[in-house]
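Okay, here's what each chain looks like letter by letter:
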Amino acid sequence: MEKIGLVLEGGGIRGAYTAGAMAWLIDQGVTFNYNAGVSSGAVYMAVYLMKDKEMLHKISCKYACADNVVGIKAFLSEGYYVAYKHLFHDVLIEQEHYSFERLKEEKPDFEIGCYDLELGKTIYFNTEDLDEDMELLRATCSLPVAAPIVDFKGHRLLDGGITKMIPIERAIEQGCTKTLIVTTKPKDYVRGPASGFVKFLMRIIYRDYPSVLKDYKVRHLNYYDQISIVNDLIEKKQAVMIYPSRTIKVNRWKGDPQKCNELYELGYQDMEARKGEIFELLGRTLTNIPIEEKEKVPA
């Protein structure tokens, strides 16, 4: 029996691309047997599972690129380069009154990857772990140095992308036979090793957790291992990877609403352009395509 998975990479501001791709899935009525995301990918996956297109656009094209979320204003307010507490608590909870309580009730098979400093590896939480304060989602986004450690249910957590930028291995472990992967990087993306300055800061900040620096040093190698797994699955027709079809230059950290909106629209357009591949991957297991779309699905 097929088990179809959805895997989402992170990417900071570039996650607007993922948000657009998730909006397309909502419009098509597409759901999956299993869902795994890290960093911003986990956030947009949670909103996708809520079937909330409006919030996908708001977070990616308005709130994430606000000038007080990243940079000097963030540092002055929270003491870190990224003001994640402001984004999740002040904006999503206080201003938008947003809640993932319905997800906890519906319990879709959804896992969120976070790096556990004490265990020295990425671990996964599920929908039942989602909390009203959104600390779990803040944890999966908390990049080393740029954001504080998040204490959650006895764990000390940072961004799951430290080791699992594309959590494809987890999808395989969970029994997925086919997978749709959405990445924020172009096909020819080259990931280099961490800078010496970042490693220097990590050595000081996380001196009690040497494993995180060790893992961060080989982060680029882990990324290529994950890409290799994805490419092998694609060759076997067990996966489709969606990636930006053209380059829209944005900083990982800071973006303007216009550029983010372009990324959002590109994510939607790329999914539409490749819907034949997507529907073929999903095949007859896709039972909830709108009637007008079902006739287009390959037999």
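Residues numbered from 1 in each chain as written. Predicted model: local features only at pLDDT ≥ 70, side-chain atom pairs only at ≥ 80, totals over all residues. Heavy atoms only, no water.

1. Here's the deal with the confidence of the model for the protein
So, point 1. Per-residue confidence for the protein averages 92 on the pLDDT scale, and 94% of its residues sit at or above 70.
So, point 2. Below pLDDT 50 for its whole length, residues 285-299 participates in 26 contacts with residues either more than four positions away or in separate chains. (pLDDT = per-residue confidence, 0-100. Contact = heavy atoms within 4.5 Å.)

2. Notes on the state of the cysteines
So, point 1. What the rule picks out here adds up to zero disulfides.
So, point 2. A disulfide-free cysteine, C260 has its sulfur positioned 4.0 Å from the sulfur of C65, the nearest such atom. (Disulfide = S-S within 2.5 Å.)

3. Some words on the environment of G41
So, point 1. Along the chain, the position of G41 falls in helix α2 (residues 40-49).
So, point 2. Using a relative accessible area of 0% as the deciding quantity, one classes G41 as buried.
So, point 3. Counting along the chain gives 26 residues from G41 to G15, while the straight-line C-alpha distance between them is 6.7 Å.
So, point 4. Those residues within four positions of G41 in sequence are excluded, and the remaining contacts are L8, E9 and G10. (Helix = DSSP H or I, 4+ residues; strand = E, 2+ residues; numbered from the N terminus. Buried < 20%, exposed > 50% of the residue type's maximum accessible area, 1.4 Å probe, protein only.)

4. Notes on a nonpolar patch on the surface
So, point 1. A cluster of nonpolar side chains, namely F197, F200, I204 and I205, defines an oily patch on the protein surface of about 410 Å² accessible area.
So, point 2. Relative to the assigned elements, F197 resides in helix α9 (residues 196-205). (Patch = residues over 30% accessible without salt bridge, like charges linked within 9 Å, V, L, I, M, F, W, Y side chains within 5 Å. Areas by Shrake-Rupley, 256 points an atom, 1.4 Å probe, with all protein chains shown as cover. Salt bridge = Lys/Arg side-chain N within 4 Å of Asp/Glu carboxyl O.)

5. Observations regarding unusual backbone geometry
So, point 1. Even without being glycine, V145 reaches a positive phi, approximately 75°.
So, point 2. Relative to the elements of secondary structure, V145 occurs in the loop between α7 (135-141) and β5 (150-152).
So, point 3. Although it is not a glycine, K237 sits at a positive phi angle of roughly 60°.
So, point 4. Mapping K237 onto the fold places it in the loop between α11 (219-235) and β8 (239-242).

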